[in-house]
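# Architecture and fold: a report
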Amino acid sequence: MRDAVLMDGEAVGRALGKLGQAVGRRFQSVESLGLIGIRARGDVLARRLANAFQRHRGKIPVGALDISVYRDDFDALREEIRVRGSEIDFDVRGRHILLVDDVLFTGRSVRAAMDAVVALGRPASIALAVLVDRGHREMPIQADFVGRAVKTAHDEQVQVQLREVDGVDRVVLRRAADRGRSA
Amino acid sequence: MAVTKSEIRIDPERLARDLRGLSRIGLNEDGSVTRVAFSAAELRARHYMIHLLQQAGLAVRVDGIGNLIGRVEGEGKGPAIALGSHVDSVPQGGRFDGAVGAVAALEVARAIRDAGVRLRRPLEVLVFAAEESSRFGFSTIGSSAMAGASDPDRLLALTDKHGERLGEILGRFGIARDDVVAVRRPPGEVGHYLELHIEQGRVLAEEGKRLGVVRAIAAPCRLKITYRGRADHSGSTPMHLRRDALVAAARLVAHVEDVCAAPGAVPVVGTVGVIDARPGAMNVIPGEATLWIDLRSTSLAERTACRDAVLGEARRLAQARGLEIEVATLMEDAPVPMDSGVVELLARLCAERSVDHLVMDSGAGHDAMQMAHIARAGMLFIPSREGISHNLKEWTSAEDIALGAQVLLEAALRLMGLDA
């Protein structure tokens, strides 16, 4: 294994705790708040954040967003894409929406997610929380809440692994050269 | 106190709002919408519908060809009562075609939920994939797959103008042949299927009626005829030496009109909507011409007689002009009568409400004609202003949409055995 572990389980827990607190400070009232996680890891993080809130502040609606059909390259795509579908069973209109994603990179996913949410109705506001901000934006998008900012090279991969899907909580940096060798 | 049907009302504002929301997806600058089957815009429209259905408390699944099935279980297991339509559109189409029926079906489910009605049978909202034939030259793809009316392999082999097969497109979403085969639902799963749709013609408007109860759906026979002659110089080829494919095609267009305009027991309509002439230069005699012919009627016999007359003339023209001819039948569906019990119920509901209505035939094809293979199907039409459809000027009043949705709701309740 050439992958460098950027964050272990404990670090992921701390970063999520930090995110939760920051979000809690910003949204004094959670009544009109809705969490929407971007599939396939952001939805898991959104659920965790919502569970953490539920203990202290009450129940927050949480949904999962599949942005596939809102990608800016959708009509040109020729490779296979898995559309898993969105599950948002609450009304986004007039609600403060917190988008949650695992990694913020080019910003294209977030743009697609904003379009996808606005198509469902006009929210009061949209904010963004990410576990890892790895830089290299290609769009004017910044997160409101960042678990951890990491300097990376453009051709490196940052992979967030989560218990619910991957069996373990950690963030792995996969170097370009390593990918070449392991391929 | 038991809830009776008369207390249950659809919410016209909510219905209009969601129809507006759907209209924004694939909206063009001129106000028309383009949500061609399996394009990003159509998938976004489905994404929107999934959201609204989930919000309304329906369990939603997407089958192997992209049909949405929203379902509320009933107390009884029995066959479901399904309401639906489609959200794909023709290029630069109107905002009401299909969309009205899909959103009305959703609104009926919401009104029933809001009233706290205990369902005696499961209720389904169906949003069918690829109803329009614009992309693949084949209409009602999703509903015909659900009804088992089309061979899955034939559907998968359908090709759009870019040469892309439906099978390839589905494959990109990870959908395999087996998933498409599994789309078919056995008879008995859906007991009734009701669809609200804009008329797309001017019969209701001309007759001054507010609702149409569809008795039968005319089915299209679609032919693709190619003439092959010789592409020669337009200046140096004397008239008597020419083998002009386009002239034969032009004479056939006129013949289609003559054959269909001749009075028959049941009307047949015939259209040549597309002619493709090659090589397509002013100074070259067209060496090849292809016509796409669409014949429709509620009478299979009358339509077949017209088809035979058109094909006879097509071959005669080829022979007389020394052209090769190739005939392909793209589609040849049988006209579909709607369930007589449902027709009677819809007409009775209109009469009870003193709604001016007309029992009529549908010239256009609809998902209901496919669902009629596996369920007792019926359709309600609402007027299209000036009969315009497949066009940005397509328009139906909010009042007519609300009235149609209300009758749809009452029909669903009656079928559920919830008479007042």
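See the structure above.
Described below are features of the structure shown in this document. (Residues numbered from 1 in each chain as written. Chains lettered and ligands numbered in written order. Predicted model: local features only at pLDDT ≥ 70, side-chain atom pairs only at ≥ 80, totals over all residues. Heavy atoms only, no water.)

## Considering the layout of surface pockets
All names here are of chain A. Size it by volume and the second largest pocket reaches roughly 850 Å³. Residue lining of the second largest pocket: 31 residues in total, with Arg39, Ile67, Asp101, Asp102 and Ser109 positioned closest to the centre. Taken together, the elements giving at least two residues each to the lining of the second largest pocket come down to strand 4 (96–104), helix 3 (108–120) and strand 7 (157–161). With five residues, helix 3 is the single largest residue contributor to the lining of the second largest pocket. Broken down by class, the residue content of the lining of the second largest pocket amounts to twelve nonpolar, six polar and 13 charged. (1 Å grid on protein atoms, 1.4 Å probe; cavity = no way out; pocket = protein on both sides within 12 Å on 5 of 7 lines; lining within 4 Å. Points joined across faces, edges and corners; volume = space filled by probe spheres on them. Helix = DSSP H or I, 4+ residues; strand = E, 2+ residues; numbered from the N terminus. Nonpolar A, V, L, I, M, F, W, Y, C, P; charged D, E, K, R; others polar.)

## Some details on the pattern of salt bridges
In the structure shown here, the tally under the stated rule is 48 salt bridges over all chains. Among the salt bridges present, the one from arginine 163 of chain A reaches aspartate 169 of chain A, with a minimum N-O distance of 3.0 Å. Look at arginine 163 of chain A and you get partly exposed, because its relative accessible area is 49%. We note a salt bridge from arginine 215 of chain B to aspartate 361 of chain B, for which the minimum N-O separation is 3.5 Å. In this pair, arginine 215 of chain B is assigned in strand 6 (residues 211–217) and aspartate 361 of chain B in strand 12 (residues 357–362), connecting sequence segments 146 residues apart. Residues participating in the shared-partner salt-bridge network are Arg14, Arg17, Asp18, Glu107, Arg110, Arg113 and Asp114 of chain B. (Salt bridge = Lys/Arg side-chain N within 4 Å of Asp/Glu carboxyl O. Buried < 20%, exposed > 50% of the residue type's maximum accessible area, 1.4 Å probe, protein only.)

## With respect to the sheet that holds strand 10 (residues 324–332) of chain B
The strands that make up a sheet are held in pairs by hydrogen bonds between backbone atoms, and each pair lies either parallel or antiparallel. Residues and elements named next belong to chain B. Strand order in the open sheet formed by four strands is 8-9-7-10, with antiparallel pairing between adjacent strands. Here the strands that pair on one side only, and so sit at the sheet edges, are strand 8 (268–278) and strand 10. With direction set aside, neighbouring strand axes in the sheet form an average angle of 15°. Pairing of strand 7 (residues 219–228) with strand 9 (residues 288–297) involves ten bridges; the strand directions are antiparallel. In the strand pairing of strand 9, tyrosine 227 is matched with alanine 289. Across the sheet, helix 9 (residues 245–261) lies against strand 7, strand 8 and strand 9, angled at about 10° from strand 9, the strand it touches most. Of the strands in this sheet, strand 7, strand 8, strand 9 and strand 10 touch helix 10 (residues 300–320), which is tilted by about 5° from strand 7. (Pairing = 2+ DSSP bridges. Axes fitted to C-alpha atoms, helices over the stretch in contact; angles between N-to-C directions. Contact = heavy atoms within 4.5 Å.)

No statement about biological role is implied by the geometric values presented.
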